[in-house]
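# Close look at the chain arrangement
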Amino acid sequence: MGQVTQRELSIPNQTTCLAQVRRAVLEFVGHGLFPSGEAQLVALAIDEAVANVMEHAFARAEGERQEITVQLETNDQVFKAVIRDSGARFDPTAVPDVDIRQHVRQGRKGGLGIYLIRQIMDEVNYSYVQDRYNELRLVKYVDNRARSASRQRPQRQEGAPKRCR
Amino acid sequence: MSLEDFTIQIEPLDQKNLTVIHVAGYLDAHTFEELEEAINDLFGKKKYRIIVDLSKVEYISSAGAGVFIGALSEAQEHDGNIVLMSPTSNVREVFDLLGLTQIFQVVDDQNTAQAAFQ
């Protein structure tokens, strides 16, 4: 089992920060942990998870004082992401899979994010911790045969600044 | 173009009462409302025959894809359509994951897009 690499970033509850989240994930997984296309999808899954928090747990009421933390971790065999927030209790795993044809007929858009997350990640688990915060745990296993072994990842990275702009 | 840039250009075509929306940049939960407003604005002008040029969209999330999902039925109810043109490989992969390529007409060029409208 490889050495554990971690990164944590905290962002305010602002959709402008989603770009920062994606960049951070791509920096973390894009150095050979996953092939390029798969790394993009992993960044999309984390983007969707954070966007869900902003839309549901914080009800689209943006604010710098509301914080969302994203922890990234890998040991070269598995990639884990933990998204935490102290907004209203919201369990995205309770949202049923969408019937896309029915969605289009009815002009509905809800549930697409968690649908994508389920398709991209291998495990998706939610818990409401200490009656205080939402915690979504995402896991994706690394296909080591597909990895680019020649590229190196940084061992540890500093957390990003909280303000996005 | 920087990571946060997002632009929309509306191009009315003389033929068939068509409108092309040229979208560029990152279409996510931060930017989707701008596109949604542009489409609703066209609907308000009774323009329901829309080609969306996605050739310069570098990233799309479910919020962006949801704009098309939300608009398609209204366009079709008014004898229109929304045709998605020239998605990049990243965008097409997301459409595939969502199953949108089974529902929307996704074409490679503007001639084919225009021909999709009677």
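Residues numbered from 1 in each chain as written. Chains lettered and ligands numbered in written order. Predicted model: local features only at pLDDT ≥ 70, side-chain atom pairs only at ≥ 80, totals over all residues. Heavy atoms only, no water.

### Quick look at the overall build of chain A
Counting secondary structure elements, chain A contains 4 helices and 5 strands. Secondary structure elements of chain A, listed N to C terminal, follow the sequence β-α-α-β-β-α-α-β-β. A buried classification covers 50% of the 165 residues belonging to chain A. Taking contacts inside chain A between residues at least 6 apart in sequence as the whole, the part at least 24 apart equals 68%. Per element, the accessible surface of chain A, about 8,300 Å² overall, is 43% carbon and sulfur. (Helix = DSSP H or I, 4+ residues; strand = E, 2+ residues; numbered from the N terminus. Buried < 20%, exposed > 50% of the residue type's maximum accessible area, 1.4 Å probe, protein only. Contact = heavy atoms within 4.5 Å. Areas by Shrake-Rupley, 256 points an atom, 1.4 Å probe, with all protein chains shown as cover.)

### Concerning the confidence of the model for chain B
Per-chain confidence: chain B averages 94 in pLDDT, with 97% of residues scoring 70 or above. The ipTM assigned to the predicted complex is 0.92, against a pTM of 0.90. (pLDDT = per-residue confidence, 0-100.)

### Some thoughts on the pairing of strand β4 (residues 81-85) of chain B
On any regular strand, side chains alternate: one points to one face of the sheet, the next to the other face. Residues and elements named next belong to chain B. In terms of residue burial, β4 counts as a mostly covered element, since 5 of its 5 residues are buried. Two strands pair when backbone bridges link them, and strand β3 (residues 49-60) and β4 are joined in this way by 5 bridges, in the parallel orientation. Paired with I50 across the two strands is I82, which belongs to β4. In the classification by handedness, the crossover that spans β3, the intervening helix α2 (residues 62-77) and the parallel β4 is right-handed. (Pairing = 2+ DSSP bridges. Right-handed = clockwise from strand over helix to strand, strands pointing away.)

### Let's talk about the packing of helix α4 (residues 112-120) of chain A against α2(B)
Where α4(A) contacts α2(B), the two axes come as close as 9 Å, and the packing angle between them is 125°. Overall, the two elements α4(A) and α2(B) adopt an arrangement that is oblique. Pair α4(A) / α2(B) crosses with right-handed handedness. Where α4(A) abuts α2(B), its residues A:L112, A:G113 and A:L116 lie against B:S62, B:G66 and B:I69. Classifying every residue of the contact of α4(A) with α2(B) gives 3 nonpolar, 3 polar and no charged. (Axes fitted to C-alpha atoms, helices over the stretch in contact; angles between N-to-C directions. Parallel < 35°, antiparallel > 145°, perpendicular 65-115°, else oblique. Left-handed = near helix turned anticlockwise from the far one by under 90°. Nonpolar A, V, L, I, M, F, W, Y, C, P; charged D, E, K, R; others polar.)

### Re helix α1 (residues 32-44) of chain B
Residues and elements named next belong to chain B. Here α1 spans 18 Å end to end across 13 residues, near enough to the 18 Å set by a 1.5 Å rise per residue. Taken residue by residue, α1 has F32, L35, A38, I39, L42 and F43 as its buried positions. Each buried residue of α1 lies within a common arc of 140° when the element is viewed along its axis, so the set occupies one face. With respect to the buried face of α1, the exposed residues turned more than 90 degrees away are E37 and G44. Contact partners of the buried residues in α1: β1 (6-12), β2 (19-27), β3 and α2. One or two residues past the end of α1 sits K46, with phi positive at roughly 60°. (Expected span 1.5 Å × (residues − 1). Arc of directions from axis to C-beta.)

### Remarks on unusual backbone geometry
The backbone of A:D76 sits at a positive phi, close to 80°, despite the residue not being glycine. Within the fold, A:D76 resides in the loop between β2 (63-74) and β3 (78-85). Positive phi outside glycine occurs at B:K16, with the angle close to 60°. By the secondary structure assignment, B:K16 is in the loop between β1 and β2. Judged by relative accessible area, B:K16 falls into the partly exposed class, the value being 38%.

### Re the interface of chain B and chain A
Facing 28 residues of chain B, the contacting portion of chain A comprises 29 residues. Between chain B and chain A, the buried area comes to about 2,400 Å², and carbon and sulfur atoms account for 61% of it. Remark: the boundary between chain B and chain A carries 2 salt bridges. Ionic pairing is found between A:K109 and B:E36, a salt bridge with its closest N-O pair at 2.3 Å. Inspection of the region where chain B meets chain A yields 7 residue pairs in polar contact (both at pLDDT 80 or more). Of all the secondary-structure elements, those providing two or more residues to the side of chain B that touches chain A are α1, β3, α2 and α3 (89-98) of chain B. Looking at which element gives the most residues to the side of chain B that touches chain A, the answer is α2(B), with 7 residues. Residue classes in the side of chain B that touches chain A are distributed as 14 nonpolar, 9 polar and 5 charged. (Buried area = accessible area lost by both parts, 1.4 Å probe. Salt bridge = Lys/Arg side-chain N within 4 Å of Asp/Glu carboxyl O. Polar contact = N/O pair within 3.5 Å; in protein donor to acceptor, adjacent residues only side chain to side chain.)

### Regarding the nonpolar core
Judged by nonpolar contacts, the single largest core of 82 residues is most densely connected at A:V50, A:F79 and B:F68. Ranked by residue count, the leading element in this core is helix α2 (residues 36-57) of chain A, at 13 residues. One finds B:L13, B:V20, B:M85 and B:V107 within the second-largest nonpolar core, a separate group that totals 9 residues. (Core = buried A, V, L, I, M, F, W, Y, C linked by side-chain atoms within 4.5 Å.)

### Quick look at the environment of A:M54
Residues and elements named next belong to chain A. Tracing the sequence through the fold places M54 in helix α2. Separated by 42 residues in sequence, M54 and P12 have C-alpha atoms that sit 9.6 Å apart. Leaving out residues up to four positions away in the same chain, M54 has contacts with I11, P12, N13, Q14, T15, L18, A59, R60 and I68.

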